[in-house]
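Here is what each chain is made of, one letter per residue.
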Amino acid sequence: MGKRIADTALDTLFRDARTYAKWQPRPVDDQTLRDLYELLKWAPTSANAAPARFAFLRSKEAKERLRPALAPLNVEKTMTAPVTVIVGYDMRFYEQLPKLFAHSPGMKQLFERNPELAETTARRNSSLQGAYLIIAARALGLDCGPMSGFDQAKVDEEFFAAGKPCFGCDQEFFPEGHVKSNFLCNLGYGDGSTLHSRLPRLPFNEACSLL
Ligand SMILES: Cc1cc2nc3c(=O)[nH]c(=O)nc-3n(C[C@H](O)[C@H](O)[C@H](O)COP(=O)(O)O)c2cc1C
């Protein structure tokens, strides 16, 4: 605590980390996906609610189910990626609060009675958890290709709809269509040979204020 991590680690996580569209023919094993979750699960979330749900699509069959929902420019990079994760959020995340936030029993009812607050909380925190997924993946030596170019309704219908099993998940885990997709993220070992040069970022004084 209070100790800055090594510059080489900062390079890996931030300065040298790029968004990839081409992939080396190197698989990502299930243990690596489990390791990834074991890191990202420590992301802070409102009321420790952890509303994000992650569907890791690894097989050709699973990718084919995703294909019709992809924006044309995202098809090839996704179909060739070793793994595509659907970062979703559970609209009924508050049902887990008695376990995840046990010291404050009123929290579950607070969200249950206020669907707008529940939706805002689920979206905000699942986005944060998705960002942690990207950082955790980079820490494990993986590369990422996040995407919002897809048809959310189609993904929700195909993977999270009522009565349909979620690929790779227990039916109990995603019952009855209350999980919604937030964004997709391709995972694998990137092929850097086709990367364009890094796009600029806003400098401190254009993005930040010191008050
Ligand atoms: C939420 C999100 C959605 C994105 N959607 C797409 C997308 O649909 N298609 C795509 O090719 N890139 C997408 N990107 C990638 C960005 O364009 C890319 O991260 C950005 O240009 C920075 O590139 P760099 O990480 O190589 O510096 C997305 C990135 C994020 C975080």
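Scope of this entry: the structure provided in the associated data block. (Residues numbered from 1 in each chain as written. Predicted model: local features only at pLDDT ≥ 70, side-chain atom pairs only at ≥ 80, totals over all residues. Heavy atoms only, no water.)

Let us now look at the overall build of the chain. Each helix and strand counted, the chain has nine helices and four strands in total. Put simply, the chain runs from its N terminus to its C terminus through helices and strands in the order α-α-β-α-α-β-α-α-α-β-α-β-α. Here the chain, with 211 residues, has 39% of them falling under the buried criterion. Put simply, of all contacts in the chain between residues at least 6 apart along the chain, 80% involve residues at least 24 apart. For the chain, the exposed surface amounts to about 12400 Å²; the carbon and sulfur share of it is 55%. Measuring between centres, the 27 positive side-chain charges of the chain sit 3 Å from its 25 negative side-chain charges. (Helix = DSSP H or I, 4+ residues; strand = E, 2+ residues; numbered from the N terminus. Buried < 20%, exposed > 50% of the residue type's maximum accessible area, 1.4 Å probe, protein only. Contact = heavy atoms within 4.5 Å. Areas by Shrake-Rupley, 256 points an atom, 1.4 Å probe, with all protein chains shown as cover. Lys, Arg positive; Asp, Glu negative; His and termini not counted. Charge placed at Lys NZ, Arg CZ, Asp CG, Glu CD.)

With that settled, the discussion passes to the site of the ligand. As a structural note, the neighbourhood of the ligand is formed by Arg 18, Thr 19, Asn 74, Lys 77, Pro 146, Met 147, Ser 148, Gly 149, Arg 198, Leu 199 and Arg 201. A distance of 2.9 Å is found between an oxygen atom of the ligand and a backbone nitrogen or oxygen belonging to Gly 149. One nitrogen or oxygen atom from the side chain of Arg 198 is found 2.6 Å from an oxygen atom belonging to the ligand. In isolation the ligand exposes 630 Å². Once the protein is present, 63% of that is buried. Broken down by secondary-structure element, the contributors of at least two residues to the shell around the ligand are helix H4 (72-79) and strand S3 (143-147). (Near = heavy atom within 4 Å. Polar contact = N/O pair within 3.5 Å; in protein donor to acceptor, adjacent residues only side chain to side chain.)

This part is about the sheet that holds strand S2 (residues 83-90). Strand order in the open sheet formed by four strands is S1-S2-S4-S3, with antiparallel pairing between adjacent strands. Edge positions in the sheet fall to strand S1 (52-57) and S3, since each of these pairs with one other strand and no more. With strand direction ignored, the average angle separating the axes of adjacent strands in the sheet is 25 degrees. In terms of strand pairing, S2 meets strand S4 (residues 179-188) through eight bridges, oriented antiparallel. Directly across from Val 85, in S4, lies its bridge partner Cys 185. (Pairing = 2+ DSSP bridges. Axes fitted to C-alpha atoms, helices over the stretch in contact; angles between N-to-C directions.)

On to helix H7 (residues 115-139), then. Here H7 is 25 residues long and its end C-alpha atoms lie 35 Å apart, about the 36 Å a rise of 1.5 Å per residue gives. Ala 118, Thr 121, Ala 122, Asn 125, Ser 126, Gln 129, Gly 130, Leu 133, Ile 134, Ala 136, Ala 137 and Arg 138 are the residues of H7 that are buried. Looking one or two places after H7, you find Gly 141, whose phi comes out positive at around 90 degrees. (Expected span 1.5 Å × (residues − 1).)

Residues Asn 74, Val 75 and Thr 78 constitute the buried set of H4. All buried residues of H4 lie within an arc of 120 degrees about the axis, which places them on one face of the element. With respect to the buried face of H4, the exposed residues turned more than 90 degrees away are Pro 72, Leu 73 and Glu 76. Contact partners of the buried residues in H4: helix H3 (60-66), S2, S3 and S4. (Arc of directions from axis to C-beta.)

Quick look at the nonpolar core now. Leu 36, Phe 54, Phe 56, Val 85, Leu 133, Cys 185 and Leu 187 are the most contacted members of the largest nonpolar core, which has 20 residues in total. By residue number, the principal contributor to this core is H7, which donates four residues. Sequence-distant contacts of Val 85, that is, excluding residues within four places in its chain, are made with Phe 54, Ala 55, Phe 56, Leu 133, Phe 183, Leu 184, Cys 185 and Leu 187. With 15 residues, the next largest nonpolar core counts Ala 62, Ala 69, Leu 70 and Ile 86 among its residues. (Core = buried A, V, L, I, M, F, W, Y, C linked by side-chain atoms within 4.5 Å.)

Glancing now at the side chain of Thr 84. By secondary structure assignment, the location of Thr 84 is in strand S2. A relative accessible area of 0% places Thr 84 in the buried class. A polar atom in the side chain of Thr 84 sits 2.8 Å from the side chain of Asn 186. Ignoring sequence-local partners within four residues, the contact set of Thr 84 consists of Ala 55, Phe 56, Leu 57, Lys 63, Leu 66, Thr 78, Leu 184, Cys 185 and Asn 186.

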